[in-house]
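Now for the letters of each chain:
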Amino acid sequence: MNRAPAAERDRTGGVSFRDCLAQLDEAQKPGAGVPAYTRWINRRLARYAAAAAVALRISPNMVTAASAAVSLCGLLLLLLRPPGVITGMAAAVLLAAGYVLDSADGQVARVTGRGGPAGEWLDHVVDSVRTPAVHLAVLGGWALHTDASRLMLALPVLYCLLSTGHFMSQILAEQLVRRHRQAGRPEPAPSRLRSFLLLPSDAGVLCWVFACWGNQGGFLIAYGCLFLLNLLAGAASMRRKYRSLVSL
């Protein structure tokens, strides 16, 4: 069904940008366990993108496809162009824009009532490819355009394995908890402090690290620090998820 559940229609039969934005402001996902950039910046920008998509009658799956295409352009820049300030900034903007659209597709689905298992599957497939692709692009960019050592080239490989494992852990844990959660069990309250502590694991933060791509030493330090922080956060997260699932 293509009608929005509660939005007023404009003269062309579509949902107006302003009405859609108002709906999205009132129907946001909970912020518990969501890193700060995603929670307060990416989701806010995604609301505007989603409202525009609904007003233009763009389907959730088309928004997902646009997210994949924009992210791909950013990754191709890293692979095809030598490291530089302009290349890094352009890649960072494209990757961040792709992340905004990645959040917008679900919001479009909610406000139009056009979501479903196929759309959710497509969204997860794109995310599962994009997550390791970012680190493989770093590997390819270093290997093609720099004199990076073998030890340096090992970093994006390890980061790729870590991010893929963490992504799978999150997705699978959410599904298992949703299936086995006891009726009436309350959701955890959103914590501002935890959102800031989770910033190193925020996909949006990783996108903007590429602004340093033109400075090989600076990027290596920032990227390496994110890897170490994600390694610690990932270990703690997986331990917490395992204990939570055992309790179910």
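A. Spatial organisation of the packing of helix α3 (residues 60–80) against helix α4 (residues 85–112). Contact geometry of α3 with α4 gives a least axis separation of 8 Å together with a crossing angle of 170 degrees. In terms of orientation, α3 lies roughly antiparallel with respect to α4. Along the lines of polarity and charge, the residues of the contact of α3 with α4 split into 17 nonpolar, seven polar and two charged.

B. Region of interest: a nonpolar patch on the surface. Together, V85, M89, V93 and W208 give the surface a local cluster of nonpolar side chains, amounting to about 360 Å² of exposed area. With three residues, the top contributor of residues to the nonpolar patch is α4. Counting through the fold element by element, V85 comes out in helix α4. Looking at V85, the relative accessible area reads 60%, which means it is exposed.

C. Seen up close, the pattern of salt bridges. If you walk through the whole model with that rule in mind, you get two salt bridges. Among the salt bridges present, the one from D102 reaches R130, with a minimum N-O distance of 3.2 Å. Of this pair, D102 sits in helix α4 while R130 is found in helix α5 (residues 117–145), placing the two residues 28 residues apart along the sequence. Overall, R130 belongs to the buried group, its relative accessible area being 14%. In this structure, D127 and R130 form a salt bridge, with 2.9 Å as the shortest nitrogen-oxygen distance. Here the residue D127 and the residue R130 both occupy positions in helix α5, the gap between them amounting to three residues, near one helical turn. For the pair formed by D127 and R130, the shared burial category is buried. Salt bridges linked by common partners bring D102, D127 and R130 together as one network.

D. Spatial organisation of the packing of α5 against helix α9 (residues 216–247). Across the interface, α5 lies against α9 with an axial gap of 14 Å and an inter-helix angle of 150 degrees. Relative to α9, α5 is oriented roughly antiparallel. When you trace α5 past α9, the crossing you get is left-handed. On the side of α5, the interface is formed by H135, V138 and W142, while α9 contributes F219, L220 and Y223.

E. Representation of the nonpolar core in the model. Core analysis: the biggest nonpolar cluster contains 26 residues, and W142, F210, F219 and Y223 have the highest contact counts within it. Ignoring any residue separated from it by four or fewer positions in sequence, one finds F219 in contact with V138, W142, V209, F210, C212, W213 and G224. Membership of the second largest hydrophobic core comes to 15 residues, among which are V15, A46, A50 and A51.

F. Molecular detail of α3. Along its 21 residues, α3 runs 30 Å from first to last C-alpha, staying within 8% of the 30 Å computed at 1.5 Å per residue. Of the positions making up α3, those classed as buried are P60, V63, T64, S67, S71, G74, L75 and L78. Angular distribution of buried residues about the axis of α3 spans 105 degrees; they occupy a single face of the element. Relative to its buried face, α3 has exposed residues pointing more than 90 degrees away, namely M62 and L80. On its buried face, α3 sits against α2 (36–55), α4 and α5.

Rules used in this analysis
- Residues numbered from 1 in each chain as written.
- Predicted model: local features only at pLDDT ≥ 70, side-chain atom pairs only at ≥ 80, totals over all residues.
- Heavy atoms only, no water.
- Axes fitted to C-alpha atoms, helices over the stretch in contact; angles between N-to-C directions.
- Helix = DSSP H or I, 4+ residues; strand = E, 2+ residues; numbered from the N terminus.
- Parallel < 35°, antiparallel > 145°, perpendicular 65-115°, else oblique.
- Nonpolar A, V, L, I, M, F, W, Y, C, P; charged D, E, K, R; others polar.
- Patch = residues over 30% accessible without salt bridge, like charges linked within 9 Å, V, L, I, M, F, W, Y side chains within 5 Å.
- Areas by Shrake-Rupley, 256 points an atom, 1.4 Å probe, with all protein chains shown as cover.
- Salt bridge = Lys/Arg side-chain N within 4 Å of Asp/Glu carboxyl O.
- Buried < 20%, exposed > 50% of the residue type's maximum accessible area, 1.4 Å probe, protein only.
- Left-handed = near helix turned anticlockwise from the far one by under 90°.
- Contact = heavy atoms within 4.5 Å.
- Core = buried A, V, L, I, M, F, W, Y, C linked by side-chain atoms within 4.5 Å.
- Expected span 1.5 Å × (residues − 1).
- Arc of directions from axis to C-beta.

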